[in-house]
Amino acid sequence: MSEAAGLRQRRPPRPPVVTDDSQTPEAQDGSGRVFRVTFLMLAVSFTVPLLGAMMLLDSPIDPQPLSFKEPPLLHGVLQPNTKLRQAERLFENQLVGPESITNIGDVIFTGTADGRVIKIENGEVDTIARFGSGPCKTRDDEPTCGRPLGIRVGPNGTLFVVDAYKGLFEVNPWTREVKLLLSSDTPIEGRKMAFVNDLTITRDGRKIYFTDSSSKWQRRDFLLLVMEGTDDGRLLEYDTETKEVKVLLDQLRFANGVQLSPDEDFVLVAETTMARIRRVYVSGLMKGGVDLFVENLPGFPDNIRPSSSGGYWVCMSSIRPNPGFSMLDFLSERPYIKRMIFKLFSQETVMKFVPRYSLALELSSSGTIQRSLHDPDGQVATYISEAHEHDGYLYLGSFRSPFLCRLSLQSL
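Now for a quick tour of the structure. (Residues numbered from 1 in each chain as written. Predicted model: local features only at pLDDT ≥ 70, side-chain atom pairs only at ≥ 80, totals over all residues. Heavy atoms only, no water.)

1. Comments concerning the pattern of salt bridges
The full count for this structure, using the stated rule, is 28 salt bridges. One salt bridge in this structure joins Glu142 and Arg219, with 2.7 Å as the shortest N-O distance. Residue Glu142 is found in helix α3 (residues 142-145), and its partner Arg219 is found in the loop between β11 (207-212) and α4 (222-228); the two are separated by 77 residues along the sequence. Like Arg219, Glu142 is buried. The salt bridge partner of Arg278 is Glu271, with a shortest N-O separation of 3.1 Å. No difference in accessibility class separates Arg278 from Glu271, as the two residues are buried. (Salt bridge = Lys/Arg side-chain N within 4 Å of Asp/Glu carboxyl O. Helix = DSSP H or I, 4+ residues; strand = E, 2+ residues; numbered from the N terminus. Buried < 20%, exposed > 50% of the residue type's maximum accessible area, 1.4 Å probe, protein only.)

Here you go:
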C-alpha cells in the first residue's frame, strides 16, 4: 500500500450536512399543512367579523341606483391646466371654510366654519355676526354653532345670509344688527329645512330665492346626502314684504348654488348629485317653467355666481375625470356597495379618498363652457366652492380650507 493510500484510509469521515432538502416528504407535508392552517385561521379571524358587521350593522343610507351619462372628456376647453395655481392664499390660518363671498366696495364678507360672519377690511379680519353659540370645534358642534353659507348684498347695503342650521338672516355690517327673517324650524309646506344652502336676491330686494338641500340630511352629513341620492332638495322663494314662502321646485337631489339671471327672468339652481344645473323661470312668458340649463358637467356643481362676460362661474365640489376613474359615477349604479362602505367607514374616512382636484368653469349665458381653470392636485386652491369676481380678481371660496384664495383675471 502506498503512503498516499494509507493517508486516505486514515482520514476521518466528514460529518453529514443537514439541509432543508434532507427533510422527509412527511416532514415537508407537515410544515406546509401548518402554514395552510395558520393562514386559514387568520383569514377566518378577519372575514367572520367583517361579514358579521356587514350583516348586523345598519347602513345610515338607503341609496337607490342612479344613471349618469359618460362624463365629458377633459379635452379642448376642458383640457387640464394649472391656472388655479397662480392664485395667492390670503389670511391663511385666520379663517376656515370661507364658503361664500361678497363685497361692498373693497370690503370683503364671508361666513366661516366656526359659525362667524366676518368682514375683511384693510387686511384685518373682524367678526360682525354669529347666529349660534359655541363650542365650534367639530362637525358635531355645527347644529348649535351654526354654519353661515350663502351670502349676498341687498339694495340697502345690508347682508343677506343663510345659515345651514338656523335659517335666513339679514345683517347690518356696520351696526352689526342681526335680524332673523325665516327660521329653519318653520315648516314649509309641511317640511322643515334641514340644510339651508345658498341664496340670490332681486335688485329691489323684494324676493329672495334660496335652496334647502335636504329635509333629511344636515350640512354635516352632506356626503351621506350625495351618496344616498336623496331627492328632497327644494328651491324656495321668500317675499321680504309679505313674509310668504313658496316652493318653486321640489325633488332636487342636493339643491345647492343659486343665481338670478341678469334680466331676473329665471333662477339657476345647481343639482349637485346629478352633475347638472336646472333653470326655473320666475317672470315673463315662461314663468313657472323648468328646464335644464346644462347637464353632464365634468364635476358636481357647487355655488353659481355671475361673471363679467355676462355668463356664470361655477365651481365643482368634486370632479368626474374622463379619462380616469370617477368614484361617484362608479358607485351610482351600485347602491349595495354604498351601503357596505358606510357600514364600515365614517364620512371622514371616505372623504380622504375624494380627489383634491380643483376645477372652476365659466359658462356662457346659454350654458356653454367657455373656459376652465384647474389645480389638478389641489396644491394651491383646495375644496373650492365659489368663484366671486371683484375688481379684476377672482376670489375663490372653500368649504373647508383655512384660507381665502385670490386670482388675477388678467393673468389668465
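2. Focus: the state of the cysteines
This structure, assessed with the given rule, holds one disulfide. Disulfide partner of Cys136: Cys145, at an S-S distance of 2.0 Å. Measuring the twist about the S-S bond at about 105°, one finds the Cys136-Cys145 disulfide to be right-handed. (Disulfide = S-S within 2.5 Å.)

3. A short note on the packing of aromatic side chains
Evaluation of the coordinates by the stated rule reveals 10 aromatic pairs. When the centroid spacing of 6.5 Å and the interplanar angle of 35° are considered together, the rings of Phe266 and Phe293 count as tilted. One end of the pair, Phe266, is in strand β15 (residues 266-271); the other, Phe293, is in strand β17 (residues 290-294), and 27 residues separate them in sequence. Each of the two residues, Phe266 as well as Phe293, counts as buried. Each residue in the set Phe266, Tyr281, Phe293 and Tyr312 is aromatic and connected to the rest through ring pairs, giving one cluster. Just above the ring of Phe266 sits the side chain of Arg279; from NZ or CZ to the centre is 5.4 Å. Here the basic side chain of Arg400 rests over the ring of Tyr383, its NZ or CZ set 4.8 Å away from the ring centre. (Phe/Tyr/Trp six-rings, centres within 6.5 Å; stacked < 30°, edge-to-face > 60°. Lys NZ or Arg CZ within 6 Å of the ring centre and 35° of its normal.)

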